[in-house]
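Here are the chains, one letter per residue:
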Amino acid sequence: MGKSKKIIFLVDIQSFYASVEIASNPDLRGKPVVVCGDPKKRHGITLAASPEAKKSGVKTGMPIWQVKALCPKVNFVRPHMKKYIEASIQITEILNQFTDQVEVFSIDEQFLDLTKSQSLFGTPETMAKMIQQRIWDEVGVFARIGIGENKIHAKMACDNFAKKNKVGIFKLNQQNYRDLTGPLPIDQLFGVGSRMKRNLERIGIYTIADLAERSLEEMKKRWGINGHVLWLNAHGIDYSPVESSSTVLYKGVGNSITLPRDYENRKDIEVVLLELTEEVCRRARLMHKKGNTVHLSVRGADFDHPTGFHRQMTLPFATNATMDVYRGVLQLFDRFWDKEPVRSVGVSLTKLEDAREVQLSFFSDQVKKIQLGNVMDEIRNRYGKTAIFRASSLSSAGLLFDRATKIGGHEA
């Protein structure tokens, strides 16, 4: 008897920020709604737009002045991050009632492995409809669901098909993947941003089928590991498992942020990565934990065709010292960053163990590092996070002072 095929969902909430605002203020339902950040910080950039606003041509990332020109009757709403976090958690709790394998991919996207849930809830299509209805009834937002045999199937099904039909549900598998995705423009492939699109078109790759016909060796020779991943995506191949968020949270500590603007310069991105690493290590020290594995998540600034990666590496030894972890973060960033502008980054430390047990080394004074970290933590705990900081946080790329009074870098 053959091994049963996996059933993987990607649940994506339509116009998440705008939908949550509408759910909390029903008077906005059916009207064009745009959630926009602080004009002083984001130059009036659109964070989310309702379907009614999108019909007028409004897009995420569009400046306010352009939104007004396209949609004079638009309703502007300031973002409320606490509200969005609460809605996202509520959705996760609903999904956990269908499977214990739920991976939070972003605040509005979550992967599910429902392979073992069919005997309880029925076919994939039946489960998708049940999940849609539960989220609508309890949260008041509309979920689009991509169904597949792996994550890339589910992601491509959601982004290219479920989001474009009225039902909001679509299924891809290894049998129909090539026929349905092959004719799509190359920038519809997950991982292809505007710069990679130009690079691919220069060598005659205009559709996903064009890329699939190229050899793996050619793609790896031109773009290294990024070319390898794109080739796998074009063929619908993805071996990555759905990693339960509850397991990750229990075994690790992390921090992430959506940046106030597109970060293109490597030095600017390094500043934010250091700030995130500092906070992650501070939290680990408060828990009396140190980690063996560092994770880095980077998402591109292209809202319509997001690029990015989530990768991890094992550290030479378990640590919660900021600069030791930061070296691992930079190694991951240098290896996997595709040089595209960045809008969201996250750092986490996992495989934790008791920090009170110290392994001494001839090449590193661990005791001194621990004492230094503890002194810095004590100052921050007593006088605030900005009482002591690294000089890089004073640069234009630094976000420490802005984030110190906010939730996840956004207004509450």
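My aim in this report is to walk through the structure given alongside it, one point at a time.

Focus on the pattern of salt bridges
Scanning the model with the defined rule gives 22 salt bridges in all. Close ionic contact of Glu 103 with Lys 151 constitutes a salt bridge, the shortest N to O distance being 2.7 Å. Linking Glu 103 in strand 5 (residues 102–106) with Lys 151 in helix 8 (residues 151–160), this pair joins segments that are 48 residues apart in sequence. Accessibility classification places Glu 103 together with Lys 151 in one group, the buried group. With a shortest N-O distance of 2.4 Å, Arg 266 and Asp 334 are connected by a salt bridge. Of this pair, Arg 266 sits in helix 14 (residues 266–286) while Asp 334 sits in helix 15 (residues 322–336); the two residues are 68 residues apart in sequence, bridging distant segments of the chain.

Regarding the sheet that holds strand 11 (residues 308–319)
Judged by pairing direction, the sheet is antiparallel, and its four strands sit side by side in the order 9-12-10-11 without closing on themselves. Edge positions in the sheet fall to strand 9 (253–263) and strand 11, since each of these pairs with one other strand and no more. On average, adjacent strands in this sheet sit at an angle of 15° to one another, irrespective of strand direction. Sheet analysis places strand 9 next to strand 12 (residues 342–354), joined by seven bridges and oriented antiparallel. Bridge pairing links Asn 255 to Val 347 in strand 12. Helix-sheet contacts for helix 15 involve strand 10 (289–300), strand 11 and strand 12, and the interaxial angle to strand 11 is about 145°.

Details of the sheet that holds strand 2 (residues 33–36)
Strand order in the open sheet formed by three strands is 3-2-4, with mixed pairing between adjacent strands. Each having just a single partner strand, strand 3 (46–49) and strand 4 (75–77) make up the two edges of the open sheet. Each strand of the sheet is rotated relative to its neighbour by a mean of 30°, with strand direction disregarded. Across three bridges, strand 2 lies against strand 3 in antiparallel orientation. Bridge assignment links Cys 36 to a residue of strand 3, and that residue is Thr 46.

A few points about empty space enclosed by the protein
Overall, the coordinates contain two cavities of 30 Å³ or more when judged by the stated rule. Space inside the second largest cavity adds up to approximately 40 Å³. If you trace the second largest cavity, you find it lined by Val 298, Arg 299, Gly 300, Thr 307, Gly 308, Phe 309, Trp 337, Asp 338, Glu 340, Pro 341 and Val 342. Counting only elements with at least two residues in the lining of the second largest cavity, the list comes to strand 10 and strand 11. Residue composition of the lining of the second largest cavity, grouped by class: five nonpolar, three polar and three charged.

A word on the nonpolar core
Among the nonpolar cores identified, the biggest contains 31 residues, and Phe 9, Val 11, Ile 131 and Ile 135 are the most heavily contacted of them. If you list the elements that add at least two residues to this core, you get strand 1 (8–13), helix 1 (16–24), strand 3, helix 5 (81–95), helix 7 (124–139) and strand 7 (143–148). Here this core takes six residues from helix 5, the largest share from any one element. Among residues more than four places away in sequence, those in contact with Val 11 are Leu 95, Asp 108, Glu 109, Gln 110, Leu 112, Ile 131, Ile 135, Ala 143, Arg 144 and Ile 145. Counting 30 residues, the second-largest nonpolar core is a separate cluster that includes Val 253, Leu 296, Val 298 and Tyr 326.

Examining the packing of aromatic side chains
The final tally for this structure, using the stated rule, is nine aromatic pairs. One aromatic cluster is present, formed by Phe 16, Tyr 17 and Tyr 84 through successive ring pairs. The ring of Phe 111 has Lys 151 sitting right over it, with the charged end atom 5.3 Å from the ring centre. Positioned above the aromatic ring of Phe 336, the side-chain terminus of Arg 311 is 5.1 Å from the ring centre.

Brief notes about helix 8
Along an α-helix, a turn takes 3.6 residues, which lines up residues three or four apart on a common side. Of all ten residues making up helix 8, ten are buried, and the element is well covered by its neighbours. Those residues of helix 8 that sit buried are Lys 151, Ile 152, His 153, Ala 154, Lys 155, Met 156, Ala 157, Cys 158, Asp 159 and Asn 160. For helix 8, the N-terminal capping position is held by Asn 150, with its side-chain oxygen 3.2 Å away from the main-chain nitrogen of Ile 152.

Digging into unusual backbone geometry
The residue Ser 15 is not glycine, and still its phi comes out positive at about 45°. Among the secondary structure elements, Ser 15 is positioned in the loop between strand 1 and helix 1. Here Ser 15 falls in the buried class, since its relative accessible area comes to 9%. Of note in this structure, Lys 351 is not a glycine but carries a positive phi near 55°. Note that Lys 351 resides in strand 12.

Procedures and definitions
- Residues numbered from 1 in each chain as written.
- Predicted model: local features only at pLDDT ≥ 70, side-chain atom pairs only at ≥ 80, totals over all residues.
- Heavy atoms only, no water.
- Salt bridge = Lys/Arg side-chain N within 4 Å of Asp/Glu carboxyl O.
- Helix = DSSP H or I, 4+ residues; strand = E, 2+ residues; numbered from the N terminus.
- Buried < 20%, exposed > 50% of the residue type's maximum accessible area, 1.4 Å probe, protein only.
- Pairing = 2+ DSSP bridges.
- Axes fitted to C-alpha atoms, helices over the stretch in contact; angles between N-to-C directions.
- Contact = heavy atoms within 4.5 Å.
- 1 Å grid on protein atoms, 1.4 Å probe; cavity = no way out; pocket = protein on both sides within 12 Å on 5 of 7 lines; lining within 4 Å.
- Points joined across faces, edges and corners; volume = space filled by probe spheres on them.
- Nonpolar A, V, L, I, M, F, W, Y, C, P; charged D, E, K, R; others polar.
- Core = buried A, V, L, I, M, F, W, Y, C linked by side-chain atoms within 4.5 Å.
- Phe/Tyr/Trp six-rings, centres within 6.5 Å; stacked < 30°, edge-to-face > 60°.
- Lys NZ or Arg CZ within 6 Å of the ring centre and 35° of its normal.
- Polar contact = N/O pair within 3.5 Å; in protein donor to acceptor, adjacent residues only side chain to side chain.

Read these as geometric descriptors, not functional statements.
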